[in-house]
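Residue-level structure breakdown
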Amino acid sequence: MSALLPDDEYDRVLVENVHPRQWQNPEPAPRYNLVVLGAGTAGLVTAAGAAGLGAKVALVERHLMGGDCLNYGCVPSKCMIRSSRVLAEVRDAHPLGIRIPPGAAADFPAVMERMRRLRARISHHDSARRFRELGVDVFLGEGRFAGPDRVEVAGKTLRFRRAVIATGARPVDPPVEGLAEAGFLTNETVFSLTALPRRLLVLGGGPIGCELAQAFRRLGSEVIIAGRTPQFLPREDQDTAAILARAFQRDGIDIRLRTTISRVVVMAEGKEVHLVTDGREDVVMVDEILAGAGRAPNVEGLNLEQAGVKYDLRSGVKVNDFLQTTNPSVYAAGDVCLAHKFTHTADATARIVIQNALFRGRKKLSALNIPWCTYTDPEIAHVGFGWGEAQARGIPVDTFTRHLREVDRAIADGEEDGFVRVQVRKGTDRIVGATIVARHAGEMIGEITLAMVGNLGLKTLATVIHPYPTQAEAIKQVADAYNRTRLTPFIKGIFRLWLKWTR
Ligand SMILES: Cc1cc2nc3c(=O)[nH]c(=O)nc-3n(C[C@H](O)[C@H](O)[C@H](O)COP(=O)(O)OP(=O)(O)OC[C@H]3O[C@@H](n4cnc5c(N)ncnc54)[C@H](O)[C@@H]3O)c2cc1C
C-alpha cells in the first residue's frame, strides 16, 4: 500500500481528513444494520445514504478514505489534465491568431502542487470526521469477515444484519522480466512525482494509460505508449480510436500498438526496455515506466470463504443482478464486483445496494444506463452499445452521425475532429447507445443518457432547443437526421398534394 509523498502541507491536510493519525475507533454497536468494507466512492455513498435514512452503519477503511478516486485516480489525474490542456492550448494558439512568445513550458512541481492543494481541499467531503458527524461509526483498520454475519477490524467485532463489500481494485503489476527490479510507477505512485520524467514509457492503451500518456507528453515528457491491442481503447469503435491516435500523433507521442514488453534492464543511462511489435524487437531507453494495464479486484485477505462469499481473482466478488453475493446478507458495490470500473458506477451501485439490502428493494444492475468518458483531448464519451457491440449482440440498429466539422461552434472553436453518433433500434427512434468524440464530450453525453433513462427517443431530442452556437447542437442535428428518414416518398407526396390544394 502506497504512502502519500511528498508529505507536504497539502498531503498532511489530506491525511488528517481521510486517515487521521490520532483517530480512535468507536466502541462497536451490538449489531449494525449495515457494515461497509472499504471507504472509496462505493463505500462512502452506501454509508452516508444508509445513515441518512436512519440505519446504524459501520464503515471500515484500511488506508485512505476516498479510495482511488480522491487519492490516486479521478481527482489527481483531472487536475494534471487541466494543466496539460492549458499548455496544449498555448502551443496550438497560433492558428487562432494568437502569438505567444516561444518558451511556454510547464512548471511541473507547481502543476503537482496545485493538484495536491485541490485534492486536499476536496478531501473534506470524504473525511472521517464528516462521516462521524453523519452518524456513521468509522473504523480505521483492515477489515475481514469472521463469519457470515460479522466482520473484524482492529481487534473489534462488528456484527451485522447486512454487509457491503466495497473494497475496490488495484493496479495489476505487469509480469515482465526485470520490471520489478527496474522499478515502475502505477496510479498509486505517479501522482507523488515532483519532477517531470524526461522519458516516460506508458504501458496500456486503456483509459488510464491514454489519459496519462497525453498529459505527461503535453507537460513536456517524451512519451512512448505501448499497448497489446491493435487500437487504443479496445471497447470503442475503430474510427473513435483512430481520432485518438491522430491526436496523440499531433502531440508527438510515440505510439506502439500490438506491442508487448519482453524485458527491462537497468542501465547507467536509464531503463532499457525491449518492446516486441508484430514479432519485431525494438529497444528504447526511458527514465520511468508507468504501468496502466489492468486493474485487479481487492478480494484477498477478506476471508470471504468464512462469509460464504464466492469470488474470482480477476472478475471480483460474484454478485447477482441485485448486487447480492452468494451470502444473501452480503452485497457488493463498485470496482470489486463490476466490469465498468468508474466512480459514477460505484456511486450508482451503492444506491442500488442501500435499497436492496436495507429495504428489500429489487433494483437491478442491468437496468442502469452507464455512460463513461475518457478524458483525453478530444474526450471520448459513450453510453449504451456502440455499433460493434450492437452487432455482436444481434441488435439491428440504424446509425446517425454528425461530424463536428459540420457544426458551426466546433468550426469556430477550431475543434472539428470528432462526432456525435447515435445508434437506434432499427426502424425506430429508440436509442440503444451513443458515442461522442469532442473536447467536452463528457459534458455532452449526459443529454443522451437522460434520453435513454427517460425512454425519450430521437424524435423528442429533435424538439429540444439548443442555444446557438454550441457543440451540443450536434445532438439535435443527429435527431434531425433521424426525422428526415421519416419523410418517405409517400409522405412527401401527400404533403405536395396538400400544399397544392391549399395554394
Ligand atoms: C488514474 C485513474 C483515473 C481514474 N479516473 C476516473 C474518472 O475520471 N472517472 C471515473 O468515473 N473513474 C475514474 N477512475 C476509476 C475510479 O477511481 C474507480 O472506479 C473508483 O474509485 C471505484 O470506487 P470503489 O469505491 O469501488 O473503490 P476504491 O476507490 O478502490 O475504494 C476501495 C477502498 O476500500 C479499501 N479497502 C480495500 N480492502 C479493504 C479491507 N480489507 N478493509 C478495509 N478497507 C479496505 C481501500 O483502501 C479503498 O480505500 C480512475 C481510476 C484511476 C486509477
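The structure this text deals with has already been given above.
Because the structure is a prediction, the values reported are computed rather than measured.

Focus on the overall build of the protein chain
- A count of helical and extended segments in the protein chain gives 17 helices and 23 strands.
- The C-alpha radius of gyration of the protein chain comes to 25 Å, within 12% of the 23 Å expected for a compact globule of 503 residues.
- Its C-alpha atoms give the protein chain principal-axis dimensions of roughly 85 × 60 × 45 Å.
- Classification of the 503 residues of the protein chain by burial places 51% in the buried group.

What about the environment of valine 86?
- Here valine 86 shows up in helix 4 (residues 74–91).
- Assessed through its relative accessible area of 40%, valine 86 is described here as partly exposed.

Brief notes about the packing of aromatic side chains
- Taken as a whole and judged by the stated rule, the model has six aromatic pairs.
- With 6.1 Å between their ring centres and 80 degrees between their planes, phenylalanine 145 and phenylalanine 160 make a pair best called edge-to-face. Placement of the pair is phenylalanine 145 in strand 4 (residues 143–147) and phenylalanine 160 in strand 6 (residues 156–165), with a sequence separation of 15 residues. Taken individually, phenylalanine 145 and phenylalanine 160 each receive the classification buried, so the pair is uniform in this respect.
- When the ring of phenylalanine 400 is compared with that of tyrosine 482, the centres are 5.8 Å apart and the planes differ by 90 degrees; the resulting orientation is edge-to-face. Here phenylalanine 400 is found in strand 21 (residues 397–403), whereas its partner tyrosine 482 is found in helix 16 (residues 473–485), with 82 residues between them in sequence. One exposure class covers both phenylalanine 400 and tyrosine 482, and it is buried.

Topic: the packing of helix 4 against helix 8 (residues 207–219)
- Close contact between helix 4 and helix 8 brings their axes to 8 Å; oriented N to C, the two are set at 50 degrees. In terms of orientation, helix 4 lies oblique with respect to helix 8. Here the hand of the crossing between helix 4 and helix 8 comes out left-handed. Counted together, Ser77, Lys78, Met80, Ile81, Ser83, Ser84, Arg85, Leu87, Ala88 and Arg91 of helix 4 and Glu211, Leu212, Ala215, Phe216, Arg218 and Leu219 of helix 8 form the full contact between these two elements.

Looking at the site of the ligand
- Around the ligand, a shell composed of 37 residues is seen, among which Glu61, Asp68, Lys78, Asp335 and Thr343 lie nearest.
- One nitrogen or oxygen atom from the side chain of glutamate 61 is found 2.6 Å from an oxygen atom belonging to the ligand.
- For the ligand, the protein covers 94% of the area, taking 1,000 Å² as the surface of the free molecule.
- Taken together, the elements giving at least two residues each to the shell around the ligand come down to helix 2 (41–52), strand 2 (57–61), helix 3 (67–71), helix 4 and helix 11 (343–359).
- Among the residues forming the shell around the ligand, the class breakdown is 14 nonpolar, 15 polar and eight charged.

Focus: the pattern of salt bridges
- All told, the structure shown has 34 salt bridges when counted by the stated rule.
- When the shortest N-O distance is used, the salt bridge between lysine 156 and glutamate 27 registers 3.1 Å. One end of the pair, lysine 156, is in strand 6; the other, glutamate 27, is in the loop between helix 1 (9–18) and strand 1 (32–37), and 129 residues separate them in sequence.
- Among the ionic pairs, aspartate 398 bridges to lysine 426, the shortest N-O distance being 2.8 Å. With aspartate 398 in strand 21 and lysine 426 in the loop between strand 22 (419–425) and strand 23 (431–438), the pair connects residues that are 28 residues apart, well separated along the chain.

Some details on the sheet that holds strand 20 (residues 379–384)
- Spatially, the five strands line up as an open sheet ordered 19-20-23-22-21, and their pairing is antiparallel. Strand pairing shows two members of the sheet lacking a second neighbour, strand 19 (371–374) and strand 21, which therefore form its edges. Strand-to-strand twist in this sheet, taken as the mean axis angle between neighbours without regard to direction, amounts to 10 degrees.
- With six bridges joining them, strand 20 and strand 23 adopt antiparallel strand pairing. When the sheet's bridge partners are listed, isoleucine 380 is paired in strand 23 with valine 437.

Considerations on the pairing of strand 4
- Relative to strand 5 (residues 150–153), strand 4 is paired through four bridges, and the arrangement is antiparallel. Bridge assignment links glycine 143 to a residue of strand 5, and that residue is valine 153.

Digging into empty space enclosed by the protein
- For the structure on display, the rule yields one cavity of 30 Å³ or more.
- Here the largest cavity is characterised by a volume of approximately 50 Å³.
- Lining of the largest cavity is provided by Ile81, Ser84, Arg85, Glu211, Gln214, Ala215, Arg218, Tyr375, Thr376 and Asp377.
- In terms of residue class, the lining of the largest cavity is made up of three nonpolar, three polar and four charged.

Some thoughts on helix 14 (residues 441–453)
- Look at helix 14: 18 Å from first C-alpha to last across 13 residues, which is about the 18 Å you get at 1.5 Å a residue.
- Turning to helix 14, its buried residues are Ala441, Met444, Ile445, Glu447, Ile448, Thr449, Ala451 and Met452.
- Residues of helix 14 that are buried in the fold lie against strand 19, strand 20, strand 22, strand 23, helix 15 (458–461) and helix 16.
- Immediately downstream of helix 14, the backbone of asparagine 455 shows phi near 55 degrees, a positive value.

A word on the packing of helix 4 against helix 5 (residues 108–122)
- The contact between helix 4 and helix 5 brings their axes to 9 Å, and the two run at 140 degrees. On the basis of the axis angle, helix 4 is oblique to helix 5. Relative to helix 5, the crossing made by helix 4 is right-handed. Touching Val75, Pro76, Cys79, Met80, Arg82 and Ser83 of helix 4 are Phe108, Val111, Met112, Arg114, Met115, Leu118, Arg119 and Ile122, all from helix 5.
- Classifying every residue of the contact of helix 4 with helix 5 gives ten nonpolar, one polar and three charged.

Here is what the cut-offs are and how they apply
- Residues numbered from 1 in each chain as written.
- Predicted model: local features only at pLDDT ≥ 70, side-chain atom pairs only at ≥ 80, totals over all residues.
- Heavy atoms only, no water.
- Helix = DSSP H or I, 4+ residues; strand = E, 2+ residues; numbered from the N terminus.
- Rg over C-alpha atoms; globule rule 2.2 N^0.38 Å.
- Buried < 20%, exposed > 50% of the residue type's maximum accessible area, 1.4 Å probe, protein only.
- Phe/Tyr/Trp six-rings, centres within 6.5 Å; stacked < 30°, edge-to-face > 60°.
- Axes fitted to C-alpha atoms, helices over the stretch in contact; angles between N-to-C directions.
- Parallel < 35°, antiparallel > 145°, perpendicular 65-115°, else oblique.
- Left-handed = near helix turned anticlockwise from the far one by under 90°.
- Contact = heavy atoms within 4.5 Å.
- Near = heavy atom within 4 Å.
- Polar contact = N/O pair within 3.5 Å; in protein donor to acceptor, adjacent residues only side chain to side chain.
- Areas by Shrake-Rupley, 256 points an atom, 1.4 Å probe, with all protein chains shown as cover.
- Nonpolar A, V, L, I, M, F, W, Y, C, P; charged D, E, K, R; others polar.
- Salt bridge = Lys/Arg side-chain N within 4 Å of Asp/Glu carboxyl O.
- Pairing = 2+ DSSP bridges.
- 1 Å grid on protein atoms, 1.4 Å probe; cavity = no way out; pocket = protein on both sides within 12 Å on 5 of 7 lines; lining within 4 Å.
- Points joined across faces, edges and corners; volume = space filled by probe spheres on them.
- Expected span 1.5 Å × (residues − 1).

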